[in-house]
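# Structure at a glance
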Amino acid sequence: MRISTITQNLRIDNSITSIQRKIADAQLQISTGKLSQVYSGFKGQDVRLLITLKEQRTSVDSYVDTITNTQVKTKTIDASLVTFTDITQDLRKKLYEQVEGLYDNSALALQTFANAAIDQLTNLLNQTADGKYLFNGTDTDTQPMINSATTKAAYVQPALSGGFAGVTAAVTTFFGTDTNWNNVTTPAPGSLQARIDEGVDVTFGELANDDAFEEVFEVLYAFANANFQTGDDANYEQLVNWGIGKVEAAFELINDMVGQNGVIGAQMVSRKDAHQDSLTLLETQILDIEEIDPYEAVSTFQTLQAQLEASFQTTSVLRGLSLTRYL
């Protein structure tokens, strides 16, 4: 009779434990569809490739997130600029509508429009995204425009009867000093910036004290405070022509801003699409390494189960013939 030794028992136990561990791995593969949950479960060359692919995926993901967050800002800027151009266009139209000899009526309508437009445009330049101001460069924690109520109260304009030149001099001098109407620091903060790809940065945004915005505010404040009186026709007509010239120049510049912002937006869309394609490819490559054929996993599981049952039966027989059993 052959009696099992301790060594034999340990060998049998280790074999059973190994099979049980493999069964547990197979069960996990079936439930997750993954070959392994840890790198040690892959072949050496696959581990290196998998690490590289996942690093690339993380990098591309970060670019996509940056672009998504930046698009929120550029779209808000775009909406503000488009509305700014619309109001500027309306101002130009109302200036052209000033009909000589009927200033008593048209001047009052323009004055009302100008007062309302000042509030609207100030609010537009104080737009935020994620709690950050968009028209003050990198100084995103500072409100770029002084509240319109404060600026209106600070501005003093001479009567139109004193001459057209006095009105334009007053408004030009007031808005020529930034601290009278905005909080943009000197020197001006740098532009907003975002990295959208390896080595590729985009700069975007406009400053609230840009000359184009200043020109529009000068015209609006001049007419908001131009209280037309009988006998002011000649001076008012000169003021209208002065306003038209300024507004038309500003309108072109602000339209250029809209166009440039659109170019940046299109560039980000293009990069984002390319990144999405890269992510799809990377994900496919990662899955090719990580995933396991479900039929193969089930087959392995069933084979291991059969081996385990056979091991138990063998162990039962062997240990049934041991010296302990015999005694």
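For the structure itself, consult the block above.
Attention shifts here to the overall build of the protein chain. A count of helices and strands for the protein chain gives 9 helices and 4 strands. Helices and strands in the protein chain line up, N terminus first, as α-α-α-β-β-α-α-β-β-α-α-α-α. Counting all 327 residues of the protein chain, 40% fall into the buried class. Considering only intrachain contacts with a sequence separation of at least 6, the fraction spanning at least 24 residues in the protein chain is 78%. A total of about 17700 Å² of accessible surface is found on the protein chain, and carbon and sulfur atoms cover 51% of it.

It is worth spelling out the pattern of salt bridges at this point. One pass over the full model with this rule turns up 7 salt bridges. A salt bridge links Asp-201 to Arg-195, with the nearest nitrogen and oxygen atoms 2.7 Å apart. For Asp-201, a relative accessible area of 33% translates into the label partly exposed. Judged by its relative accessible area of 44%, Arg-195 falls in the partly exposed class.

Following the sequence through the fold, Thr-168 ends up in helix α5 (residues 164-175). We classify Thr-168 as buried; its relative accessible area is 12%. Setting aside residues no more than four positions away along its own chain, Thr-168 makes contact with Leu-239 and Trp-242.

By size, the foremost hydrophobic cluster in this structure holds 63 residues, and its most contacted members are Phe-84, Leu-91, Phe-217, Leu-220, Phe-223 and Tyr-236. Breaking this core down by element, the ones donating at least two residues are α2 (44-96), α3 (103-125), α5, β3 (192-197), β4 (200-204), α6 (211-224) and α7 (233-290). With 12 residues, α7 is the single largest residue contributor to this core. Leave out the neighbours within four places in its chain, and Leu-220 touches Leu-91, Phe-113, Ala-114, Ala-117, Ile-118 and Leu-121. With 8 residues, the next largest nonpolar core counts Leu-53, Val-64, Leu-279 and Ile-289 among its residues.

All right, on to the packing of α5 against α6 then. The interhelical angle for the contact between α5 and α6, taken along N-to-C directions, is 135°, at an axis separation of 10 Å. With respect to α6, the axis of α5 lies oblique. For the element pair α5 and α6, the recorded crossing hand is right-handed. Contacts from Val-167, Val-171, Thr-172 and Phe-175 of α5 reach α6 at Glu-214, Phe-217, Glu-218, Tyr-221 and Ala-222. Grouping the amino acids of the contact of α5 with α6 by side-chain chemistry returns 6 nonpolar, 1 polar and 2 charged.

Inspection of the secondary structure assignment puts Thr-140 in the loop between β2 (132-133) and α4 (148-154). Sequence spacing of Thr-140 and Ala-129 is 11 residues, and the spatial spacing of their C-alpha atoms is 9.7 Å. In this structure Thr-140 touches Lys-132, Tyr-133 and Leu-192, once residues within four positions along its chain are discounted.

Applying the stated criterion across every chain yields a total of 14 aromatic pairs. Between Phe-84 and Phe-213 the ring centres are 4.8 Å apart and the planes differ by 50°, which places this aromatic pair in the tilted class. With Phe-84 in helix α2 and Phe-213 in helix α6, this residue pair connects regions lying 129 residues apart in the sequence. Under the relative-accessibility criterion, Phe-84 is labelled buried at 1%.

Two strands pair when backbone bridges link them, and β3 and β4 are joined in this way by 5 bridges, in the antiparallel orientation. By the bridge assignment for β4, Arg-195 is matched with Asp-201. The loop that links β3 with its antiparallel partner β4 comprises 2 residues; one of these, Gly-199, has a positive phi angle of about 75°.

Turning to a negative patch on the surface, a few remarks are in order. There is a patch of like negative charges on the surface, built from Glu-100, Asp-104, Asp-233 and Glu-237. Within the secondary structure, Asp-104 is located in helix α3. On the basis of relative accessibility, which here comes to 54%, the residue Asp-104 falls in the exposed class.

Calculation rules
Residues numbered from 1 in each chain as written. Predicted model: local features only at pLDDT ≥ 70, side-chain atom pairs only at ≥ 80, totals over all residues. Heavy atoms only, no water. Helix = DSSP H or I, 4+ residues; strand = E, 2+ residues; numbered from the N terminus. Buried < 20%, exposed > 50% of the residue type's maximum accessible area, 1.4 Å probe, protein only. Contact = heavy atoms within 4.5 Å. Areas by Shrake-Rupley, 256 points an atom, 1.4 Å probe, with all protein chains shown as cover. Salt bridge = Lys/Arg side-chain N within 4 Å of Asp/Glu carboxyl O. Core = buried A, V, L, I, M, F, W, Y, C linked by side-chain atoms within 4.5 Å. Axes fitted to C-alpha atoms, helices over the stretch in contact; angles between N-to-C directions. Parallel < 35°, antiparallel > 145°, perpendicular 65-115°, else oblique. Left-handed = near helix turned anticlockwise from the far one by under 90°. Nonpolar A, V, L, I, M, F, W, Y, C, P; charged D, E, K, R; others polar. Phe/Tyr/Trp six-rings, centres within 6.5 Å; stacked < 30°, edge-to-face > 60°. Pairing = 2+ DSSP bridges. Patch = residues over 30% accessible without salt bridge, like charges linked within 9 Å, V, L, I, M, F, W, Y side chains within 5 Å. Lys, Arg positive; Asp, Glu negative; His and termini not counted. Charge placed at Lys NZ, Arg CZ, Asp CG, Glu CD.

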